[in-house]
Amino acid sequence: MKLYDNPHAPNPRRVRMVLAEKGITYDREELDLGAGDNLKEEFCAKNPFAKVPVLELDDGLCLSETPAICRYLDEVSDEGSLFGTTPKERAIIHMWEHRMESMVLYPALFAFQHITGFFKDRMTPVEDFGKESAKNFMKSLPVLDAQLANNEWIAGSQFSIADITAICAIDFARIVKVRVGDEYPNIQRWYAAMKERPSYAA
């Protein structure tokens, strides 16, 4: 399989971390988003929405949308599950994964897009919206810290896709100078544990 990737964007990193956790080997093609590599006709034939990541399978099928790619990789691997193995586990992990995506990752992405103006050649940045998104990111941290007060990982005792999504969002938010401070000791403990996993460097 082949991953169409960008080293700085959080969604491709989520996929790389899953690949690393699963021990799956793959080819990689890096796209320069600033230069518009993702807008070229050849890539848009693989994903008409012109977004990374895209995972191209050996039969030529191109999967896009990060959750779909991650679930596919989880299901074709025998290395445990990042999405849970029982109905209850799957429901809890899905709940926290959705929360991390909608309340942490998306605000970080919106803050970047609208504050930095990185994609101003292809969208209209609204700086106030970016600043509000950064505030929304910060509003999610007390909830996350409280969850980690009594749980080793975000969805409970099991490392999961929710942890991967959260770490990618938190690291990406640093670009717009939004950081998790010492007032969140449980997130800091969890963050240190995440950095110990080999997949963190993926």
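Each chain has its residues counted from 1, following the order in which its sequence is written. The predicted origin of the model limits local features to residues at a pLDDT of at least 70 and limits the giving and counting of side-chain atom pairs to 80 or more, whereas totals for whole chains, interfaces and linings rest on all residues. Note that the side-chain values use all heavy atoms of the structure and ignore hydrogens as well as water.

**Student:** Is there a simple way to explain the overall build of the chain in this structure?
**Tutor:** Going along the chain from the N terminus, every DSSP run of H or I of four or more residues is numbered as a helix, and every run of E of two or more is numbered as a strand. The helix and strand inventory of the chain stands at 7 helices and 4 strands. From first element to last, N terminus to C terminus, the chain shows the α and β order β-α-β-α-β-β-α-α-α-α-α. As a reference, a globule follows 2.2 Å times the number of residues to the power 0.38, and the radius of gyration itself is taken over C-alpha atoms. By the compact-globule yardstick of 17 Å for 202 residues, the chain fits well, its C-alpha radius of gyration being 17 Å. Taken along the three principal axes of its C-alpha coordinates, the chain extends 50 × 45 × 25 Å.

**Student:** When you look at the sheet that holds strand E4 (residues 62-64) in this model, what are you seeing that I'm missing?
**Tutor:** Paired through backbone hydrogen bonds, the strands of a sheet run either parallel or antiparallel to each other. In this description, strands pair whenever DSSP reports at least two bridges between them. With mixed pairing, 4 strands are arranged side by side in an open sheet as E2-E1-E3-E4. Both edges of this open sheet fall to strand E2 (27-30) and E4, since each of them pairs with a single strand only. When the angles between neighbouring strand axes are averaged without regard to direction, this sheet yields 20°. The contact criterion used is simple: two residues touch if any of their non-hydrogen atoms lie within 4.5 Å. Helix axes use the C-alpha atoms of the stretch in contact, all axes being lines fitted to C-alpha atoms, and the angles between their N-to-C directions lie in the range 0 to 180 degrees. Packed onto the sheet, helix H1 (residues 10-22) meets strand E1 (2-5) and E2 and runs at close to 150° relative to E1. Of the strands in this sheet, strand E3 (54-56) and E4 are in contact with helix H3 (residues 66-76), which crosses E4 at around 120°.

**Student:** Mind showing me how you'd approach the pairing of E1 here?
**Tutor:** The side chains of a regular strand alternate, first on one face of the sheet and then on the other. Bridge count between E1 and E2: 4 bridges; the pairing is parallel. From the neighbouring strand, Lys-2 faces E2, where its bridge partner is Asp-27. Look down the strands so they point away from you; if the path from the first strand over the helix to the second goes clockwise, the crossover is right-handed. Between E1 and its parallel partner E2, the chain crosses via H1, and the hand of that crossover is right-handed. For E1 and E3, the ladder comprises 3 bridges, and the chain directions are antiparallel. Bridging from a neighbouring strand, Lys-2 pairs with Glu-56 of E3.

**Student:** Even after reading the chapter, I still don't get the nonpolar core, so can you show me in this structure?
**Tutor:** Generally speaking, a soluble globular protein has its nonpolar side chains buried in company with each other. Counting 59 residues, the largest nonpolar core has Ile-154, Ile-170, Ile-187 and Trp-190 as the members making the most contacts within it. Of all the secondary structure elements, the ones that give two or more residues to this core are E1, H1, E3, H3, helix H4 (87-116), helix H5 (127-149), helix H6 (161-173) and helix H7 (185-196). The element that contributes the greatest number of residues to this core is H6, accounting for 10 residues. Look past the residues within four positions of Ile-187 in its chain and what remains in contact with it is Leu-141, Leu-144, Asp-145, Leu-148, Ile-170 and Val-180. Within this scheme, the nonpolar core is defined by two criteria: the residues are buried Ala, Val, Leu, Ile, Met, Phe, Trp, Tyr or Cys, and they are joined through side-chain atoms within 4.5 Å. Throughout this description, buried means an accessible area under 20% of the type-specific maximum (1.4 Å probe, protein chains only), exposed means over 50%, and partly exposed covers the range between.

**Student:** Could you clarify how one ought to interpret the pattern of salt bridges in this entry?
**Tutor:** Opposite charge on two side chains permits pairing when their charged atoms draw close. Salt bridges are defined by distance alone: a side-chain nitrogen of Lys or Arg within 4 Å of a carboxyl oxygen of Asp or Glu. Summed over the entire model, instances satisfying the criterion amount to 14 salt bridges. Residue Asp-37 is joined to Lys-40 by a salt bridge in which the shortest nitrogen-to-oxygen separation is 3.4 Å.

**Student:** Could you clarify how one ought to interpret H7 in this entry?
**Tutor:** Note that an α-helix has 3.6 residues per turn; residues three or four places apart therefore point the same way. The span one expects for a helix is its residue count, reduced by one, times 1.5 Å. Helix length check: H7, at 12 residues, gives a terminal C-alpha distance of 17 Å against a target of 16 Å (1.5 Å per residue), a fit within 8%. Residues of H7 that are buried make contact with H1, H5 and H6.

**Student:** I tried to follow the packing of H5 against H7 on my own but got confused; where do I start?
**Tutor:** For any two helices packed against each other, the geometry is given by the interaxial angle and the distance between the axes. The interhelical angle for the contact between H5 and H7, taken along N-to-C directions, is 70°, at an axis separation of 7 Å. Here H5 lies roughly perpendicular to H7, going by the angle between them. As H5 runs across H7, the sense of the crossing is left-handed. Contact residues: H5 offers Leu-141, Leu-144, Asp-145, Leu-148 and Ala-149, while H7 offers Pro-185, Asn-186, Ile-187, Arg-189 and Trp-190. Each angle receives one of four descriptions, namely roughly parallel if under 35 degrees, roughly antiparallel if over 145, roughly perpendicular if within 65 to 115, and oblique otherwise. Left-handed describes a crossing whose near helix is turned anticlockwise from the far helix through less than a right angle; right-handed describes the clockwise counterpart.

**Student:** I'm lost on a nonpolar patch on the surface in this one. Help?
**Tutor:** Patches here: salt-bridge-free residues with over 30% relative accessible area, like charges joined within 9 Å, nonpolar side chains (Val, Leu, Ile, Met, Phe, Trp, Tyr) joined within 5 Å. Accessible surface area values rest on a Shrake-Rupley calculation with a 1.4 Å probe, where residue burial reflects the displayed protein chains alone. Together, Tyr-106, Phe-110, Val-126 and Phe-129 make up a nonpolar patch on the protein surface, roughly 330 Å² of accessible area in all. Examined against the element boundaries, Val-126 turns out to sit in the loop between H4 and H5.

**Student:** It is not clear to me how the packing of aromatic side chains should be interpreted in this structure. Could you clarify?
**Tutor:** Geometry of an aromatic ring pair is reported as the spacing of the ring centres plus the angle between the planes. Between rings of Phe, Tyr and Trp, where Trp is taken as its six-membered ring, a pair exists when centres lie within 6.5 Å; planes separated by under 30 degrees are stacked, by over 60 edge-to-face, and by other angles tilted. Per the stated rule, a full pass over the model turns up 9 aromatic pairs. Aromatic side chains Phe-110 and Phe-129 sit 5.5 Å apart centroid to centroid with 45° between the ring planes, which places their arrangement in the tilted category. Taken as a pair, Phe-110 in helix H4 and Phe-129 in helix H5 lie far apart in primary sequence, 19 residues in all. With a centroid separation of 6.3 Å and 80° between ring planes, the pair formed by Phe-112 and Phe-119 is classed as edge-to-face. Judged on exposure class, the residue Phe-112 and its partner Phe-119 are both buried. Taking the ring centre of Trp-96 as reference, the NZ or CZ of Arg-99 above it sits at 4.6 Å. The ring of Phe-159 has Arg-197 lying over it, and the distance from NZ or CZ to the ring centre is 3.6 Å. Whether a charge lies above a ring is judged from NZ of Lys or CZ of Arg, which has to be within 6 Å of the ring centre and within 35 degrees of the ring normal.

Remember that the coordinates give geometry; whether it matters functionally is a separate question.
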